Amino acid sequence: QYKAADGEEYTLNLIDTPGHVDFTYEVSRALKACEGAILVVDAAQGIEAQTISNLFLAMENDLEIIPVMNKVDLPGSNPDVVAQSIENLLGEPAEDILRISAKTGEGVAELLESIVARIPAPKGKADAPLKALIFDSVFNTYRGSIVYARVFEGTLRKGEGMRFMSNNKLYDAEELGYLRLNMEPTKVLYAGEVGYIIG
């Protein structure tokens, strides 16, 4: 939940993706579940090959891209040079590129405001048939497979059946919820939301 400067409250569904080029498939799946992408560039190291690779994946998915420089608090950072290289790559004016420090919190409020202003809200009708995309999964020794999904259409309620298109099998949603600092159970996932499902 985020209360923006305009006084409105927004629910921001953010998906963290690995930056390493070995995880291209995982990143491509996650990007299909998004309306926008935050392109994070290290203010000390500059643009790296995997950054460009992930940028192209975001562009292929026609996402709104917000370029951000992180670690501007480090003594070895060179934000002006890095901002110019981002401008050369994206065409975004160097002075408009957000400068943040995840460590100190500098610029994070501005980034959240930019997400609200620039990235379109999810579309989808809650009364439509269920349509969701699984973009990642993990295995838990005690709970089995836990899938991470984005609901595009309809709603998924706890205990309801769902058909996986990959194998045409039916499963019950034994538990579902939101991925926050921990897994936070809920009774319903609505169109536009991101969460976990245990079947």
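Everything here concerns the structure above.
Described in the following lines is the structure provided in the data block. Keep in mind that this is a model prediction, so the values were computed, not measured.

### Section: helix α4 (residues 108-118)
- Inspection of α4 places Leu111, Ser114, Ile115 and Val116 among the buried residues, and these make up the whole buried set.
- For α4, the elements touching its buried residues are β1 (2-3), β2 (9-10), β3 (36-42), β4 (64-70) and β5 (98-99).

### Things to note about the pattern of salt bridges
- Tallying each qualifying case throughout the model produces seven salt bridges.
- Of the charged contacts in the structure, one is a salt bridge between Asp80 and Arg99, with a shortest N-O distance of 3.0 Å. Here Arg99 lies in strand β5 and Asp80 lies in helix α3 (residues 79-90), a separation of 19 residues in the sequence.
- Assessed through its relative accessible area of 32%, Arg99 is described here as partly exposed.
- The partner of Glu184 in a salt bridge is Arg180, with the nearest N and O atoms 2.5 Å apart.
- Look at Glu184 and you get partly exposed, because its relative accessible area is 36%.

### So, the packing of aromatic side chains
- Across all of its chains, the model carries two aromatic pairs by this definition.
- Both rings, one in Phe164 and one in Tyr171, keep their centres 4.7 Å apart while their planes meet at 55°; by these two values the pair is tilted.
- Here Tyr171 falls in the partly exposed class, since its relative accessible area comes to 31%.
- Between the NZ or CZ atom of Arg150 and the centre of the ring of Phe152, over which it lies, the distance is 4.3 Å.

### Considering the pairing of strand β7 (residues 144-153)
- Counting buried positions along β7 yields seven of ten residues, so the element is predominantly enclosed.
- Bridging between strand β6 (residues 131-140) and β7 involves nine bridges; their strand directions are antiparallel. When the bridges of β7 are listed, Ile134 appears paired with Ala149.
- Between the end of β6 and the start of β7, which pair antiparallel, lie three residues.
- Pairing of β7 with strand β14 (residues 194-198), which is carried by five bridges, proceeds in the antiparallel orientation. Counterpart to Tyr148 in the pairing with β14 is Tyr196.

### Thoughts on the pairing of strand β10 (residues 169-172)
- Relative to β10, strand β9 (residues 161-164) runs antiparallel, the two sharing four bridges. Bridge pairing in β10 links Gly161 to Asp172.
- Counting the residues that bridge the hairpin from β9 to β10 gives four residues, and of these Asn168 lies at a positive phi of roughly 60°.

### Details of the sheet that holds β4
- Strand order in the open sheet made by the three strands is β3-β4-β5, with parallel pairing throughout. Strands at the two margins of the open sheet, each flanked by one partner only, are β3 and β5.
- Here seven bridges tie β3 to β4, and the two strands are oriented parallel to one another. Along β4, the bridge assignment pairs Val40 with Val68.
- Strands β3 and β4 of the sheet are contacted by helix α2 (residues 49-60), whose axis makes an angle of about 165° with β3.
- The strands touched by α4 within the sheet are β3, β4 and β5, with β4 carrying the most contacts at an inclination of about 175°.

### Quick word on the sheet that holds β6
- Strand order in the open sheet made by the five strands is β6-β7-β14-β11-β12, with antiparallel pairing throughout. The sheet terminates laterally at β6 and β12 (183-186), the two strands that pair on one side only. Going across the sheet, the axis of each strand differs from the next one's by a mean of 35°, ignoring polarity.

### With respect to α2
- Its twelve residues give α2 an end-to-end C-alpha distance of 17 Å, which sits within 8% of 16 Å, the value for a rise of 1.5 Å per residue.
- Along its buried surface, α2 packs onto α1 (24-32), β3, β4 and α3.
- Where α2 ends, the next residue or the one after it, Asp62, has phi of about 55°, a positive value.

About the cut-offs
- Residues numbered from 1 in each chain as written.
- Predicted model: local features only at pLDDT ≥ 70, side-chain atom pairs only at ≥ 80, totals over all residues.
- Heavy atoms only, no water.
- Buried < 20%, exposed > 50% of the residue type's maximum accessible area, 1.4 Å probe, protein only.
- Helix = DSSP H or I, 4+ residues; strand = E, 2+ residues; numbered from the N terminus.
- Contact = heavy atoms within 4.5 Å.
- Salt bridge = Lys/Arg side-chain N within 4 Å of Asp/Glu carboxyl O.
- Phe/Tyr/Trp six-rings, centres within 6.5 Å; stacked < 30°, edge-to-face > 60°.
- Lys NZ or Arg CZ within 6 Å of the ring centre and 35° of its normal.
- Pairing = 2+ DSSP bridges.
- Axes fitted to C-alpha atoms, helices over the stretch in contact; angles between N-to-C directions.
- Expected span 1.5 Å × (residues − 1).

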